[in-house]
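Each chain, written out:
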Amino acid sequence: MALVSLALAVLRRDLLAAARRGSEWSNPLVFFVMVCALFPLGIGPEPQRLAELAPGILWVVALLASLLASDTVFRSDYDDATLEQMLLSHQALYPQVIAKTLAHWLLSGLPLSLLSPLLGVLLHLPAAGMLALMASLALGSAVLSFIGAIGAALTVGLRKGGLLLSLIILPLYIPVLIFGSSAVKTAVDGGPFLPQLAMLGVFFLIALALAPLAIAGALRISVDQ
């Protein structure tokens, strides 16, 4: 019970801090909308062509938007020494890391998945793919948040770690991208997309069990440097 209370306290603090800053949750959404809006201008407004490319476009742009927000997971805590105090305290690090990753997902991944049907309409994605798009993004973005938190923990002590962060975590994003976009494409074609969602669920359970351990170790390495 104490661990749950600790995680909820960290989650509440991070959400309140992000609400005051604003940019942490708004920047990924603005990026998602602007980049998706550029594709009809770049490849042409033909509905059939846009519909064919829409699953991949939406997933790639959502992935990049999640990557954009990953650098901020531990940055503010590192700058004001809160992260160092968290590591030196006798409180368990595992629930705190999960809470901070959950806050990142609530501020980036969940809004992206809720906004995705509107951008699907912009890209002429058929209605049959909307449910698969939302479900795959909601589940897949949670995995992306855990992976991004590992990279953010490794680079939090670097002054300009954005490029290194991208090089570390982008290859790990590829399986999520493959199964996420495949789920939407299969749904558009009228096939069953639950197997792809099941694989995303497996990725999520693995990330939930193992990623906090990797994040905790990476934070100790970064802060000790």
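In this convention, every chain numbers its residues from 1, walking through the sequence in written order. The predicted origin of the model limits local features to residues at a pLDDT of at least 70 and limits the giving and counting of side-chain atom pairs to 80 or more, whereas totals for whole chains, interfaces and linings rest on all residues. The side-chain quantities take in all heavy atoms of the structure and omit both hydrogens and water.

Per an unreviewed UniProt entry, the protein is named Heme exporter protein B, and its organism is Zhongshania antarctica. UniProt positions are given in the numbering used here, feature names are shortened, and annotations may be inferred rather than shown by experiment. Its UniProt record gives the protein a comment under Subcellular location (unreviewed entry), which states: "Cell inner membrane".

Novice: Account for the UniProt feature "transmembrane region" (unreviewed entry) in the protein, with residues named and values stated.
Specialist: Following the UniProt record, one finds the feature "transmembrane region" (unreviewed entry) at residues 28-44, 56-74, 102-123, 130-156, 162-184 and 196-219. Across residues 28-44 one finds 94% helix and 0% strand; the C-alpha atoms that close the span lie 25 Å apart. Put simply, DSSP H or I for four residues or longer makes a helix, DSSP E for two residues or longer makes a strand, and each gets a number counted from the N terminus.

Novice: Report on the pattern of salt bridges, specifying residues and quantitative values.
Specialist: Put simply, a salt bridge is a Lys or Arg side-chain nitrogen that is within 4 Å of an Asp or Glu carboxyl oxygen. Tallied over the full model, the rule gives 2 salt bridges. Note that Asp-14 is salt-bridged to Arg-13, the shortest N-O span being 3.3 Å. Using a 1.4 Å probe on the protein chains alone, a residue whose accessible area is under 20% of its type maximum counts as buried, one over 50% counts as exposed, and one in between counts as partly exposed. Given a relative accessible area of 36%, Arg-13 falls into the partly exposed group.

Novice: Lay out the packing of aromatic side chains in plain terms, naming residues and giving numbers.
Specialist: Working definition: a ring pair exists when centres of Phe, Tyr or Trp rings (six-membered ring for Trp) sit within 6.5 Å. Plane angles under 30 degrees give stacked, over 60 give edge-to-face, the rest tilted. Counted by the stated rule, this structure contains 2 aromatic pairs. Centre to centre, the rings of Phe-179 and Phe-203 are 5.6 Å apart; their planes meet at 70°, and the pair counts as edge-to-face. Pair noted here: Phe-179 is in helix α8 (residues 162-188) and Phe-203 is in helix α9 (residues 194-224), with a separation of 24 residues, a long-range link.

Novice: Describe the layout of surface pockets, with residues and values.
Specialist: Space inside and on the surface of the protein is sampled on a 1 Å grid over the protein atoms alone, with a cavity defined as a set of points where a 1.4 Å probe fits but cannot get out and a pocket as an open set with protein on both sides within 12 Å along at least 5 of 7 lines; lining residues have an atom within 4 Å of a point. Grid points are joined across faces, edges and corners, and a volume is the space filled by probe spheres set on the points. Of the voids in this model, the largest pocket is the one considered here, and its volume is about 250 Å³. Val-143, Ile-147, Ile-150, Leu-172, Pro-175, Val-176, Phe-203, Ile-206, Ala-207, Leu-210, Ala-211 and Ala-214 are the residues that line the largest pocket. When residues of the lining of the largest pocket are traced back to their parent elements, those giving at least two are α7 (130-155), α8 and α9. The element contributing the most residues to the lining of the largest pocket is α9, with 6 residues. Split into classes, the residues belonging to the lining of the largest pocket amount to 12 nonpolar, no polar and no charged. Three classes are used: nonpolar for Ala, Val, Leu, Ile, Met, Phe, Trp, Tyr, Cys and Pro, charged for Asp, Glu, Lys and Arg, and polar for all others, with Gly counted as polar.

Novice: Give a detailed account of the nonpolar core, specifying residues and quantitative values.
Specialist: Among buried residues, the Ala, Val, Leu, Ile, Met, Phe, Trp, Tyr and Cys ones that are joined through side-chain atoms within 4.5 Å form a nonpolar core. Ranked by internal contacts, the top residues of the largest apolar core, which has 34 residues, are Phe-32, Leu-58, Leu-125 and Tyr-173. Elements that contribute at least two residues to this core include exactly α2 (23-43), α3 (47-70), α6 (93-122), α7, α8 and α9. Ala-211, Ile-215, Ala-216 and Leu-219 belong to the second-largest nonpolar core, a separate cluster that totals 19 residues.

Novice: A description of α3 should follow, citing residues and the corresponding values.
Specialist: Helix length check: α3, at 24 residues, gives a terminal C-alpha distance of 33 Å against a target of 34 Å (1.5 Å per residue), a fit within 8%. Where α3 bends most, the angle comes to about 50°, and this point is Ala-54, followed within four residues by the proline Pro-55. An expected span of 1.5 Å times one less than the residue number is assigned to each helix. Bend is computed residue by residue as the angle between axes fitted to the seven residues ending at the residue and the seven residues starting at it.

Novice: Account for the environment of Val-4, with residues named and values stated.
Specialist: Positionally, Val-4 belongs in helix α1 (residues 2-21). Separated by 84 residues in sequence, Val-4 and Leu-88 have C-alpha atoms that sit 20 Å apart.

Novice: Please set out empty space enclosed by the protein residue by residue, giving values where relevant.
Specialist: Within this structure, the stated rule accounts for 1 cavity of 30 Å³ or more. Roughly 40 Å³ of volume is contained in the largest cavity. Taken together, the residues of the lining of the largest cavity sort by class into 6 nonpolar, 2 polar and no charged.

Novice: Outline unusual backbone geometry, listing residues and values.
Specialist: Despite not being glycine, His-124 has its phi angle at roughly 60°, a positive value. In this structure, His-124 sits in the loop between α6 and α7.

Novice: Any details on α6? Residues and values, ideally.
Specialist: With 30 residues, α6 should cover 44 Å at 1.5 Å per step; its first-to-last C-alpha distance of 43 Å lies within 8% of that length. At Trp-105, α6 shows its largest bend, some 40°.

Novice: Provide a residue-level description of the side chain of Gln-96, including the pertinent values.
Specialist: If you trace the backbone, Gln-96 turns up in helix α6. Note on Gln-96: relative accessible area 4%, which makes it buried. In this description, contact between two residues means that some pair of their heavy atoms is separated by no more than 4.5 Å. Apart from the residues within four sequence positions on either side, Gln-96 is in contact with Leu-6, Val-10, Met-86 and Gln-91.

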